[in-house]
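This is what each chain is made of:
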Amino acid sequence: MKSATPKVLHELCGRSLVGHVLAAAGELDPENLVAVVGHAREQVTAHLAEVAPGVRTAVQEQQNGTGHAVRMGLEALGGAVDGTVVVVCGDTPLLTGETLKALAATHSADGNAVTVLTAEVPDATGYGRIVRDGASGAVTAIVEHKDASESQRAIREINSGVFAFDGQLLADALGKVRTDNSQGEEYLTDVLGILREAGHRVGASVAGDHREIAGINNRVQLAEARRILNERLLTEAMLAGVTVVDPATTWVDVTVTFEQDVVVHPGTQLHGSTHLAEGCEVGPNTRLTDTRVDAGARVDNTVAVSAHVGPQASVGPYAYLRPGTRLGLKSKIGTFVEAKNSSIGEGTKVPHLSYMGDATVGDFTNIGAASVFVNYDGQDKHHTTIGSHCRTGSDNMFVAPVTVGDGAYTAAGSVITKDVPPGSLAVARGQQRNIEGWVARKRPGSAAAKAAEAVSREAGGED
């Protein structure tokens, strides 16, 4: 990956590679879930503790192959275990729980000692080939690409690296795996030959979509997997009643949820725990993270993080909702408005060019253009409260902590530093003074002076 980040911690669609694999494996409801860690294990273990606290970790001190890794995993469980052991790779984020369930079901129904998940791919380069008996079609071996003959390299059915084993037979066979191969490693795939030679049944379960088993080894493959998973998520949403106007420019995380009749416009990104409720409309060019948009709301050209947009509210275009912003029924955050840790009530409007930080605004209030809630004194944040049915003038500064009572007005250009009683008009600005003739005296010969002189002459002529 050419990265300081361990491969399995690279993210797509809101989860790490290993996070996607753990989610798929979790759908089997396993009695034990063990992650074998080696390279950069401190980072990986810390990540696992955060995203999957119920997962055990087993350390593979030396990376001596897949068979060795599985041995380390079994040792973490005390050795041989009863029942089925499913082995998956940590870099296959497109693998689904449904495919793993089908693998486990085939393994149980056929009474296999081992069942390998396979797929037919357009280009098998680099993958282990599935060798079958010509007469019965049974799996006889898996041959790694570097060890395969020319005829074996022509095979397009490949090993996914995902297996279901009989736990007791697996432990015994791992003790017989040798390292006389091109890599000098313990291949897990050699277990199939060992079990077959011992007279046990080896079977296969073919994945319906070969892309599910794709491993990620570079950022080109990471981007391709992200596109595939994004398409999968959007298809599910559209089939559930969501209109995605342009899937090619819409990106979602696996944790995003939708209700029916949502409309998502082009250039929209939906991340984290974002939820879009029935009939809301989002985009274009909008990025929502951990944000809830209630029924019938409209969010246009907006960035929002940990915000809540109330029913039938309107946001944007070009708005920024920061964490803690809560918008009431039919409220409005307009063009070039930023809000943070603030709550605005039903029908309240902040139409344009304003900053609202650490504030509570009541119902049916209008905040004038170019208003600033001055919440930070250089050390602490302070709160502003504006009541219901207020009308605040343009270019107001509300210097917190301050309260404007219900039904109050503030004059344009005011700096409000004191509480305003309900029903009052607050005026906090200097008196205007006009100095006549100033331009002619201070800027003689300028365009402004000539324009003023022309008006004066015209006025004199009319007299």
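Residues numbered from 1 in each chain as written. Predicted model: local features only at pLDDT ≥ 70, side-chain atom pairs only at ≥ 80, totals over all residues. Heavy atoms only, no water.

**Student:** Describe in detail helix 2 (residues 41-51), supporting the description with residues and values.
**Tutor:** Taken as a whole, helix 2 has its buried residues at Val 44, His 47 and Leu 48. Buried residues of helix 2, viewed axially, fall in a sector of 100 degrees; they line one side. What points out from helix 2, more than 90 degrees from its buried face, is the exposed set Glu 42, Ala 49 and Glu 50. Contact partners of the buried residues in helix 2: strand 2 (15-16), helix 1 (17-26), strand 3 (34-37) and strand 4 (56-59). (Buried < 20%, exposed > 50% of the residue type's maximum accessible area, 1.4 Å probe, protein only. Helix = DSSP H or I, 4+ residues; strand = E, 2+ residues; numbered from the N terminus. Arc of directions from axis to C-beta. Contact = heavy atoms within 4.5 Å.)

**Student:** How would you summarise the UniProt feature "active site" (unreviewed entry) in the chain if you had to cite specific residues and measurements?
**Tutor:** Within this numbering scheme, the UniProt entry marks His 352 as carrying the feature "active site" (unreviewed entry). Along the chain, the position of His 352 falls in strand 27 (residues 349-361). For His 352, a relative accessible area of 37% puts it in the partly exposed group. Those residues in contact with His 352 that sit more than four places away from it in its chain are Thr 335, Phe 336, Val 337, Ala 369 and Ala 370. (UniProt positions renumbered as here; feature names shortened; annotations may be inferred.)

**Student:** Give me the UniProt feature "binding site: Mg(2+)" (unreviewed entry) in the chain: which residues, what numbers.
**Tutor:** Mapped onto this numbering, the UniProt entry annotates "binding site: Mg(2+)" (unreviewed entry) at Asp 91 and Asn 217. Considering the C-alpha atoms alone, the annotated residues occupy 127 residues of sequence yet fold into one spot, their largest mutual distance being 8.1 Å. On the secondary structure map, Asp 91 appears in the loop between strand 5 (84-87) and helix 4 (97-110). Among the structural elements, Asn 217 can be located in the loop between strand 10 (202-206) and helix 8 (219-239). Asn 217 gets classed as partly exposed once you look at its relative accessible area, which sits at 46%. Leave out the neighbours within four places in its chain, and Asn 217 touches Met 1, Lys 7 and Asp 91. A distance of 3.0 Å separates a polar atom in the side chain of Asn 217 from a polar atom in the side chain of Lys 7. (Polar contact = N/O pair within 3.5 Å; in protein donor to acceptor, adjacent residues only side chain to side chain.)

**Student:** Go over the packing of aromatic side chains, please, and point to the residues and values.
**Tutor:** All chains considered together, the criterion is met by 3 aromatic pairs. Taking 5.1 Å as the distance between ring centres and 35 degrees as the angle between the ring planes, the aromatic pair formed by Phe 373 and Phe 398 counts as tilted. One end of the pair, Phe 373, is in strand 29 (residues 372-374); the other, Phe 398, is in strand 32 (residues 397-399), and 25 residues separate them in sequence. In this arrangement the basic side chain of Lys 381 is found over the ring face of Tyr 376, its NZ or CZ atom lying 5.5 Å from the centre. (Phe/Tyr/Trp six-rings, centres within 6.5 Å; stacked < 30°, edge-to-face > 60°. Lys NZ or Arg CZ within 6 Å of the ring centre and 35° of its normal.)

**Student:** Can you explain the pattern of salt bridges? Please cite residues and give values.
**Tutor:** On inspection of all chains with the given rule, the structure shows 15 salt bridges. The residue Glu 224 makes a salt bridge to Arg 227 at a minimum N-O spacing of 2.4 Å. Residue Glu 224 and its partner Arg 227 are located together in helix 8, separated by 3 residues, close to a single helical turn. Owing to a relative accessible area of 37%, Glu 224 belongs among the partly exposed residues under this scheme. You can call Arg 227 partly exposed: its relative accessible area is 31%. Lys 340 is the salt-bridge partner of Asp 358, the closest N and O atoms lying 2.5 Å from each other. Linking Asp 358 in strand 27 with Lys 340 in strand 26 (residues 332-344), this pair joins segments that are 18 residues apart in sequence. As far as the burial class goes, Asp 358 and Lys 340 line up, both buried. Salt bridges sharing partners connect three or more residues here, namely Arg 71, Glu 75 and Glu 186. (Salt bridge = Lys/Arg side-chain N within 4 Å of Asp/Glu carboxyl O.)

**Student:** Describe helix 1, with residues and values.
**Tutor:** A large share of helix 1 lies buried, amounting to 8 of its 10 residues. For helix 1, the full list of buried residues reads Leu 17, Val 18, Gly 19, His 20, Val 21, Leu 22, Ala 24 and Ala 25.

**Student:** Any chance you could break down the packing of helix 6 (residues 167-174) against helix 7 (residues 190-197) for me, citing the residues and the numbers?
**Tutor:** If you want to describe how two helices pack, look at the angle between their axes and the distance between the axes. Two elements in contact, helix 6 and helix 7, have axes whose closest approach is 10 Å; the angle formed by their N-to-C orientations is 105 degrees. Classified by the angle between their axes, helix 6 and helix 7 sit roughly perpendicular to one another. Note on element contacts: helix 7 touches helix 6 through Val 191, Ile 194 and Leu 195, opposite Leu 169, Leu 170, Ala 173 and Leu 174. Of the residues in the contact of helix 6 with helix 7, the class split is 7 nonpolar, no polar and no charged. (Axes fitted to C-alpha atoms, helices over the stretch in contact; angles between N-to-C directions. Parallel < 35°, antiparallel > 145°, perpendicular 65-115°, else oblique. Nonpolar A, V, L, I, M, F, W, Y, C, P; charged D, E, K, R; others polar.)

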